[in-house]
Amino acid sequence: MTNLSTELAAAPLRADWRNMLPRRSPKLVVGAGIIATMTLWAVAGPAVVGDPEAIRDIGLTAPSTAHLLGTTQTGQDVLAQLAYATRGSLYIGILVGVMATLLSVLFGIVGSYVGGLVDEAFSLLSNVFLVIPGLPLVIVISAFVPVQARGSWTIAAVLAVTGWAGSARVLRAQTLSLRSRDYVLASRVAGERPWRVVAVEILPNLLPVLATQFVFAIIAAILSEAGLSFLGLGAANSATLGTMLSYAQNGFALQRGAWWWFVPPGVIIALVGCGLALINFSIDEIINPRLRDIPRRRTADQPRPARPVTRTDDDAVLTVQGLSVTYRTTQPVHAVRDVTLTLHRGEILGLAGESGCGKTTLAYAINRLHRPPAEITAGTVTFHDRGGEDVDVLALDPRELRAFRWSQLAMVFQGAMNALNPVLTVRAQLADVLTTHRPGLSRRERHRRCGEALSLVGVDPRRLNAYPHELSGGMRQRVMIAMALLLEPQIVILDEPTTALDVLVQRGILRELLRLRDRLRFAVLFITHDLPLLLEVADRVAIMRDGSIVEDAPSDQIIARPRHPYTRQLLGSFPSLTGERGDFLRSPEPEPAPPGGAR
Amino acid sequence: MRYYLRKLAFYLVALWAAVTLNFLIPRMLPGNPVDILMAKLQQRGGSPDPATRRAYELLLGTDTHESLVHQYLGYLGNMATGEFGISVSDFPTPVSTVIATSLPWTMALVGLATLISVLVGTVLGVVAGWRRGGWLDSLVPATTVLAAVPYFWLALLLVAVFGAALGWFPLLGGYDVTLNPGWDGPFLRSALYYGVLPATTIVISSAGGWLLGTRNMMVSVAAEDYVLTARAKGLRNSRIMIFYAARNAVLPTVAGFAISLGFVVAGSIVTEQVFAYPGIGSKLLQAVQSNDYALMQGIFLIITVTVLGANLLVDLLYGLVDPRIRTSG
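## Some details on the overall build of chain A
Right, on to step 1. Helix and strand counts for chain A stand at 21 helices and 10 strands.
Right, on to step 2. Counting across all 599 residues of chain A, residues that qualify as buried make up 47%.
Right, on to step 3. Excluding contacts between residues fewer than 6 apart, the proportion of contacts in chain A whose partners are at least 24 apart in sequence is 71%.

This is the structure we're talking about:
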């Protein structure tokens, strides 16, 4: 995916309350429902049920109308105990949640905002606390504190002190990325006081992260407290779900078949934990929009029935007819509308248009690389093989589609940075093309051909052993081109291949490509927003706007006699060499960017 | 190389912090543990010789006029030589012997259970995240219930169902006590058999966390450009899932191992208590219940050292799975 979505995934761009609210989803509804019920039970329950301490001579009776959840060993009402215990557990949980969050804000946000030695020291401290196992430490501390001094607050403080480090680390990472954002820098330059920058510019953006950490701290605290109480190290004279379980265990509840005494407290803990975790799911979706549920539909891998294909032109290698692509979101976005294009053998066809006009969506759809919610709603894509066979690309079954990809049609993507897998060597990424498409080759033969492909694009074959991060941006893009030519495909689609590179490197790579095209005779579909560059290299140029092709003509004709007003506008927006400045171009009504990034 | 040196330095600092914490806690909190220990020792008929008293004093602090720095240095010396004093709850065994006999049980139990849990959780997470919206993925929210169940509660239920009611597994213990402990077939088989329920408890409670983390990373990674490239290359779906998506998605899981291990260790202490497992967790609680402070301190230290060691190991292995670490640091 493209840069836009990565940016969204990192953090919301700027605090916007609507973006901060969780989206209504079944998970959120169930989670919030559980928590609301539990909170109500903890707050109002004790007022409704009877005295939890009252001892009766009906020890261990099964649930009945008088005692809905039966009685304990000493005849106490389990339901009444449960109400008080839920209150006690939630109380400790929230107490620890607040304290741990405050600590993590101090060590995570403040530290990383101040920077320098303070940050180093705070970060070291959190990391040390993170690797020292918490519960053994809590047990040791609790064991030294005399029973009479072990109140709820003491236990909560001990749990908070041993539990803040993880979220401090998360907050630190988030703050560091926010700190260098433009608007934060701007307010620092404007002379805002540091506490104000933290409170106004940074904290609101961290709210979703803070919220998940807070919720997580509550879950961890309730569980830890239950464990401690079960071991007899909990707060003195407190009634929590953990102490209840401890009494049940010491009264041999399970051995004597008194499940009604032992099971409910555990179920309540599990329900609270589950409810909070479900709420956290929804908050996570705010932080990382990629996690949002997408409606499940027919995937692009599934073929549609074959249609009769017509060969419009004997010299064509690819025909696109009436192709439409729609993003099936709540407000459908028609990213590609009724596009018809013909790519001829050995030709360079340029596709130009401003960002978000649907160029990339079109390119992906040709190879069926589009992903839900994008869907091809109409049209055909036909590949005319050198051997004379016509292939209906949209009707290929998954196996045929895989075989078609790369061997007939290869792609070079924009963003030289992310198109290569960071954990595999260049050799492995080139070789797996051959392992897949040319299974007969020997290992040595594969490696020889990978080396040759690199030499072809002017990269030293010794770089086969390099990892992508060890290569410069230009070199990575050359590797991508080498990979694209490995199987000598008949079509290569270049999607903004040189956008992220500096001009000199750009020129070098393009010259190389043109030379290779002359030698290997593949056809190129060249997509870019850089119209002057396109006019220089392309045989023909198609101008795209709002998903439609508005003009399709030979390059010299576009330069000399542009027919469509938008083409003229595009041409006019670039500064010419004669010194006139171009106009700033923007469509009157910018099309909403399709979800999932600029395609 | 710099990466490894930095990691090593960090763990040395963490170790020092843990050792120092261990020194400070008994001194900062109220009570006089040394006297309690000496009194207990006498009750058990032990003659409190000066060397034992000295070991206790260095470990737990005392009212003598010795300076804190002096005590600290003596304490560090004793820690380095494993001189923790004598356990009063296991009288007259030295603390170091108690630890040496119980630690292997815990390491085997927690180690194996964690390994299984990481494997199961990661594999399921990879598949759920890759087949997003599929049946496995729709079960993911349900795993939060498992993660929210207290270890000891689950352990007790497992014992009640599979131990007491069905009789498939023993109720408690680490091995058949009629056998002599040793590296022979029958004993190992019995240890494995006794370990099934405790290990199952740990796996059920912890696998959900691994699953969820991996699943979310898979969803994020599936949107990366290199996965798109892999699809455009016509690679087989399974190959893209493993070598392109999963290979990158597990990196944060490995990096976040430290946090997860803390939870597992916490859970296993409580689990051991339920099963009366002959491991270090049971010993720690035995020490707490009988005010055996020396044993308690020794065990805390050894647990911390083991966890630090495990984390160091994982950090070193991380260099193997992420090439970017190896060169830059």
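Next comes the rest of the account.
## Points about the sheet that holds strand S2 (residues 333-344) of chain A
Residue and element names in this part refer to chain A.
Right, on to step 1. The strand order across the open sheet built from four strands is S2-S1-S4-S5, with neighbouring strands paired in antiparallel fashion. The strands lining the two open edges of the sheet, one partner per strand, are S2 and strand S5 (390-392). Within this sheet the neighbouring strands show an average axis-to-axis angle of 5°, counted without direction.
Right, on to step 2. In terms of strand pairing, strand S1 (residues 316-327) meets S2 through eight bridges, oriented antiparallel. Each bridged residue has a counterpart across the sheet, and for Tyr 327 the counterpart in S2 is Val 333.
Right, on to step 3. Along the sheet, helix H13 (residues 359-366) makes contact with S1, S2 and strand S4 (374-384), crossing S2 at roughly 65°.

## Remarks on the pairing of strand S9 (residues 540-545) of chain A
Residue and element names in this part refer to chain A.
Right, on to step 1. The buried fraction of S9 amounts to six of the six residues, a majority that puts the element mostly inside the structure.
Right, on to step 2. Residues Arg 540, Ala 542 and Met 544 point to one face of S9 and Val 541, Ile 543 and Arg 545 to the other, with burial holding for every one of them.
Right, on to step 3. Relative to S9, strand S3 (residues 348-352) runs parallel, the two being bridged by four bridges. Across the sheet, Leu 351 pairs through a bridge with Ala 542, a residue of S9.
Right, on to step 4. Strand direction decides the pairing type here: S9 and strand S10 (residues 548-554), joined by six bridges, are antiparallel. Within S10, the residue paired with Arg 545 across the bridge is Ser 548.
Right, on to step 5. The loop that links S9 with its antiparallel partner S10 comprises two residues; one of these, Asp 546, has a positive phi angle of about 50°.

## Thoughts on the interface of chain B and chain A
Right, on to step 1. Counting residues at the interface gives 64 residues for chain B, matched by 70 residues for chain A.
Right, on to step 2. For the side of chain B that touches chain A, the element with the most residues is helix H12 (residues 257-275) of chain B, which contributes eight residues.
Right, on to step 3. Among the residues making up the side of chain B that touches chain A, the classes are represented as 42 nonpolar, 13 polar and nine charged.

## Some words on the packing of helix H9 (residues 185-221) of chain B against helix H11 (residues 237-255) of chain B
Residues and elements named next belong to chain B.
Right, on to step 1. Running from amino to carboxyl end, H9 crosses H11 at an angle of 130°, the nearest separation of the two axes being 8 Å. The pairing of H9 with H11 is recorded here as oblique in orientation. Crossing of H9 over H11 shows right-handed handedness. Contacts between H9 and H11 involve Trp 210, Gly 213, Thr 214, Met 217, Met 218 and Val 221 on the former and, on the latter, Ala 245, Ala 246, Asn 248, Ala 249, Val 250, Pro 252 and Thr 253.
Right, on to step 2. Its residues assigned to classes, the contact of H9 with H11 shows nine nonpolar, four polar and no charged.

## Re helix H7 (residues 152-163) of chain A
Residue and element names in this part refer to chain A.
Right, on to step 1. With 12 residues, H7 should reach 16 Å at 1.5 Å per residue; the first-to-last C-alpha distance of 16 Å fits that figure.
Right, on to step 2. Taken together, the buried positions of H7 are occupied by Ile 155, Ala 156, Val 158, Leu 159, Ala 160, Thr 162 and Gly 163.
Right, on to step 3. Close packing links the buried residues of H7 with helix H4 (78-114), helix H6 (134-144) and helix H10 (194-230).

## What about the confidence of the model for chain A?
Residues and elements named next belong to chain A.
Right, on to step 1. Averaged over all residues, the pLDDT of chain A equals 82, while 89% of them reach at least 70.
Right, on to step 2. At the low end of the mean pLDDT range in chain A sits helix H1 (residues 3-10), at 36; at the high end sits helix H15 (residues 426-437), at 92.
Right, on to step 3. Under a pLDDT of 50 for its full length, residues 584-599 has, in the predicted model, 35 contacts with residues more than four places off or in other chains.

## So, the sheet that holds strand S7 (residues 491-495) of chain A
Residues and elements named next belong to chain A.
Right, on to step 1. Read across the sheet, six strands follow the order S6-S7-S8-S3-S9-S10 without closing on themselves; strand pairing throughout is mixed. A strand with exactly one partner marks an edge of an open sheet, and here the two such strands are strand S6 (409-412) and S10. The sheet shows a mean angle of 15° between the axes of neighbouring strands, taken without regard to direction.
Right, on to step 2. Bridge analysis of S6 against S7 gives four bridges, and the strand direction is parallel. The residue of S7 that forms the bridge with Met 411 is Ile 493.
Right, on to step 3. Its contacts with the sheet place helix H17 (residues 473-485) against S6 and S7, and it is angled at close to 175° to S6.
Right, on to step 4. The sheet strands contacting helix H21 (residues 565-572) are S3, S9 and S10, and the helix crosses S9 at an angle near 100°.

Thresholds, definitions, all that
Residues numbered from 1 in each chain as written. Chains lettered and ligands numbered in written order. Predicted model: local features only at pLDDT ≥ 70, side-chain atom pairs only at ≥ 80, totals over all residues. Helix = DSSP H or I, 4+ residues; strand = E, 2+ residues; numbered from the N terminus. Buried ≥ 20, exposed ≤ 12 C-beta atoms within 10 Å, placed from the backbone. Contact = placed C-beta atoms within 7 Å. Pairing = 2+ DSSP bridges. Axes fitted to C-alpha atoms, helices over the stretch in contact; angles between N-to-C directions. Nonpolar A, V, L, I, M, F, W, Y, C, P; charged D, E, K, R; others polar. Parallel < 35°, antiparallel > 145°, perpendicular 65-115°, else oblique. Left-handed = near helix turned anticlockwise from the far one by under 90°. Expected span 1.5 Å × (residues − 1). pLDDT = per-residue confidence, 0-100.

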